[in-house]
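Analysis of the macromolecular model
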Amino acid sequence: MSPRKIIIDTDPGQDDAFAMLLALGSPELEVVAVTAIAGNVPVSKTERNARQILELAGRPDIRVAPGCTRPMVKPLKTAEYVHGDSGLEGWELPEPSTPALPVHGVDLIIDTVMAAPAGEITLCPLGPLTNIAMALIKEPRIAPRLREIVLMGGGYFEGGNTTPSAEFNIFVDPHAAHVVFTSGVPLTMVPIDCTYKAILTPAWLERLKAVGKRTALAAAGLAEFYQRYGNQKFGTDSYPLHDPCVIGYLLRPGIFGGRKCFVEIEITSPVTMGATVVDWWNVTKREPNCMVLRDLDNPAFYDLMLERIARLP
Ligand code: BDR
Ligand code: CA
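So, here's what we can say about the structure. (Residues numbered from 1 in each chain as written. Chains lettered and ligands numbered in written order. Predicted model: local features only at pLDDT ≥ 70, side-chain atom pairs only at ≥ 80, totals over all residues. Heavy atoms only, no water.)

Because each turn of an α-helix spans 3.6 residues, side chains separated by three or four positions in sequence point in the same direction. Of the residues making up helix α4 (residues 105–115), those classed as buried are G105, V106, L108, I109, I110, T112 and V113. Structurally, α4 contributes buried residues whose contacts are with β1 (4–10), β2 (29–36), β3 (64–66), β4 (121–125), α5 (130–138) and β5 (146–152). (Buried < 20%, exposed > 50% of the residue type's maximum accessible area, 1.4 Å probe, protein only. Helix = DSSP H or I, 4+ residues; strand = E, 2+ residues; numbered from the N terminus. Contact = heavy atoms within 4.5 Å.)

This is the structure in structure tokens:
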């Protein structure tokens, strides 16, 4: 079977880096392009960070384009308090040997999807959904051509991690999320309800370091930096990696659990702006628009991630 073609839209971010490495180490997937978005840090940094991760993994051939510089309506809110000043603190990553493409990320998404056979490309957004929404608005013909969008964002049972009711990626650009969730494209949402079960433990980190190769060692360094914030928040050395769950789901859907629901994005209330309102019990009787993940077999997920990152140089 030929590998599944994905575009990763990302705001690295240490957990974004793990998602990219998991994809790059997995022969079932072909990363056809990477687009960067403003989120954890401004897009000038996320674009460069994405190229550094590709360089680390020995894949500077993969095309990278910078996307939108700010959300559609709101001012940009970044998260240096989690990811550090560069967005990717924790390891001295190699200088990128390939420049970013001289095209906008939104156009790279559109051109890649329009050039591929219908139903071939899966979008994997790991940050605010601005690029994806702008692509859907600029070229609506991409919607029926997409195989699926599998995104990290939202939270329902766990509430929010940025406000009491909103998760970071959706909170930063709720209007873009609204566009995506009303687009009719098949959607899978990986909210914090699921990713809070993707707990990285110190024991796993030791296994990662024991791989001894440059990518594994760098990934461990990034995780250790990220751990500082996890420590503050959860009070233990074990903490969740969000974004790699998106790639884990593509590789091993059977280790995740969830259900199809109708999901709506709050874009008017100042109190709950960016909440992902999941009709888990189908009380509205509205047609589900999204597969909502909630459960995860943690050991199976981390075994997979270790095995795949260990394949990289
Ligand atoms: C999401 O926010 C970012 O800080 C992480 O990279 C992840 O995509 C988790 O809420
Ligand atoms: Ca992210």
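Further remarks concern the pairing of β4. Of all 5 residues in β4, 5 are buried, a share of seventy percent or more. Burial along β4 is two-sided: the residues I121, L123 and P125 and T122 and C124 are all buried. Sheet analysis places β4 next to β5, joined by 3 bridges and oriented parallel. By the bridge assignment for β5, L123 is matched with I149. Handedness of the crossover joining β4 and β5 through α5 is recorded here as right-handed. (Pairing = 2+ DSSP bridges. Right-handed = clockwise from strand over helix to strand, strands pointing away.)

Take the pattern of salt bridges next. One pass over the full model with this rule turns up 16 salt bridges. Ionic pairing is found between K197 and D295, a salt bridge with its closest N-O pair at 3.1 Å. Taken as a pair, K197 in the loop between α8 (192–195) and β7 (199–200) and D295 in strand β12 (residues 290–296) lie far apart in primary sequence, 98 residues in all. The partly exposed category is assigned to D295, whose relative accessible area is 40%. For E307, the salt bridge is made with R308, and the minimal N-O distance between the two is 3.4 Å. Here the salt bridges share partners, and the residues they tie into one network are E28, R252, E307, R308 and R311. (Salt bridge = Lys/Arg side-chain N within 4 Å of Asp/Glu carboxyl O.)

On to the side chain of T10, then. In this structure, T10 sits in strand β1. Residue T10 is classed as buried on the basis of its relative accessible area of 0%.

Here the focus is the site of ligand 1. Every residue close to ligand 1 is listed here: D15, D16, N40, H83, L126, M152, N161, E167, F168, N169, H242 and D243. In the environment of ligand 1, an oxygen atom lies 3.0 Å from a nitrogen or oxygen atom belonging to the backbone of L126. Separating an oxygen atom of ligand 1 from a side-chain N or O atom of E167 is a distance of 2.5 Å. In isolation ligand 1 offers 280 Å² of accessible surface; the protein chains occlude 96% of this area. Put simply, the parts of the chain that give the shell around ligand 1 at least two residues each are α1 (14–24) and α6 (168–172). Classifying every residue of the shell around ligand 1 by side-chain character gives 3 nonpolar, 5 polar and 4 charged. (Near = heavy atom within 4 Å. Polar contact = N/O pair within 3.5 Å; in protein donor to acceptor, adjacent residues only side chain to side chain. Areas by Shrake-Rupley, 256 points an atom, 1.4 Å probe, with all protein chains shown as cover. Nonpolar A, V, L, I, M, F, W, Y, C, P; charged D, E, K, R; others polar.)

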